[in-house]
Amino acid sequence: MGWKRLATEVMYRGPFLTLHRDTVRQPDGTAGAYEHVTVGDGVRVVALDADGQVLLVEDDFYLQGRRMVHLPGGGMDGENQYRAALRELEEETGLTAAHVDTLGVIDPLPGVTSARTHLMLVTDLRPGTMRREGAEVGMTVHRRPLSDAVAAVRAGEITEAGSATALLLAALPHSDSPSAG
């Protein structure tokens with residue numbers, strides 16, 4: 001690792017993120033500053049029903065200024081990825097699942113944050129209780145064949161990084177993913 005942190009200053013601390021400015025020694029040896037954000041890890045959930053349909057949600061994103069189609073998911077809130085996946089799925093879709101598998105993990109913005117997104121696959125869907133947060137009040141749930149969701153990624157309709165990656169991974173053949181269900 002060519003970087004060396006010499007000092008850290010907290011520029012802002014809020015309920016969901018902390019902004020830091022580090023004094024660093026860069027890989028070439030020069031001194032510099034590096035600003036980054038600390039946020040919690042998250043999950044994205046590919047929920048496949050018995051007919052091979054994937055559950056997608058659509059809601060308003062403030063920074064993008066538009067509605068976006070994506071997979072259920074959110075922050076892990078101190079839980080492991082399996083519990084967080086089931087909680088987020090139930091909160092946003094009103095469904096839960098009997099089986100949870102790991103598809104992978106990504107670093108969606110490694111130049112800005114060390115937060116990771118855990119990509120999960122759930123099957124054997126069952127009724128649960130929807131408990132959306134205030135920002136999710138206009139969220140809608142859609143079902144599409146997995147192949148159609150992958151086509152939506154390729155067409156630029158699904159652009160959220162965790163959703164796009166998880167859908168592409170779910171479409172790949174896999175036989176030995178770890179399971180907690």
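Data block above holds the structure.
Caption draft 1: Looking closely at the pattern of salt bridges. This model, assessed by the stated rule, comprises 14 salt bridges. Notably, a salt bridge pairs Arg87 with Asp77, separated by 3.4 Å at the nearest N-O pair. One end of the pair, Arg87, is in helix α1 (residues 81-93); the other, Asp77, is in the loop between β7 (73-75) and α1, and 10 residues separate them in sequence. Exposure remark for Arg87: the relative accessible area of 15% places this residue in the buried category. When salt bridges with common partners are traced through the structure, they connect Asp77, Glu79, Arg87, Glu88 and Glu91 into a single cluster.

Caption draft 2: Spotlight on the sheet that holds strand β5 (residues 53-61). Strand order in the open sheet formed by three strands is β6-β5-β10, with antiparallel pairing between adjacent strands. Here the strands that pair on one side only, and so sit at the sheet edges, are β6 (66-70) and β10 (140-145). The mean angle between the axes of side-by-side strands here comes to 30°, regardless of whether they run parallel or antiparallel.

Caption draft 3: Region of the structure containing α1. With 13 residues, α1 extends 18 Å between its outermost C-alpha atoms, agreeing within 8% with the 18 Å of an ideal straight helix rising 1.5 Å per residue. Within α1, 11 of the 13 residues are buried, which leaves it mostly tucked inside the rest of the structure. Residues of α1 that are buried in the fold lie against β4 (42-47), β5, β7, β8 (95-106), β9 (117-127) and β10. Its side-chain oxygen placed 2.9 Å from the backbone nitrogen of Tyr82, Asn80 serves as the N-cap of α1. Positioned one or two residues after α1, Gly94 has a phi angle of 80°, which is positive.

Caption draft 4: Geometry of the nonpolar core. By size, the foremost hydrophobic cluster in this structure holds 20 residues, and its most contacted members are Val46, Val54, Leu56, Leu71, Leu103, Ile158 and Leu167. Elements with a contribution of two residues or more to this core: β5, β8, β9, α2 (146-154) and α3 (161-171). A per-element tally of this core places α2 first, with five residues. With residues near it in sequence (within four places) discarded, Leu167 still touches Val46, Val54, Leu56, Leu71, Leu146, Ala149, Val150, Val153 and Ile158. Formed by 11 residues, the second largest nonpolar core is a distinct cluster that contains Ala47, Ala85, Ala97 and Val100.

Reading guide: rules and limits
- Residues numbered from 1 in each chain as written.
- Predicted model: local features only at pLDDT ≥ 70, side-chain atom pairs only at ≥ 80, totals over all residues.
- Heavy atoms only, no water.
- Salt bridge = Lys/Arg side-chain N within 4 Å of Asp/Glu carboxyl O.
- Helix = DSSP H or I, 4+ residues; strand = E, 2+ residues; numbered from the N terminus.
- Buried < 20%, exposed > 50% of the residue type's maximum accessible area, 1.4 Å probe, protein only.
- Pairing = 2+ DSSP bridges.
- Axes fitted to C-alpha atoms, helices over the stretch in contact; angles between N-to-C directions.
- Expected span 1.5 Å × (residues − 1).
- Contact = heavy atoms within 4.5 Å.
- Polar contact = N/O pair within 3.5 Å; in protein donor to acceptor, adjacent residues only side chain to side chain.
- Core = buried A, V, L, I, M, F, W, Y, C linked by side-chain atoms within 4.5 Å.

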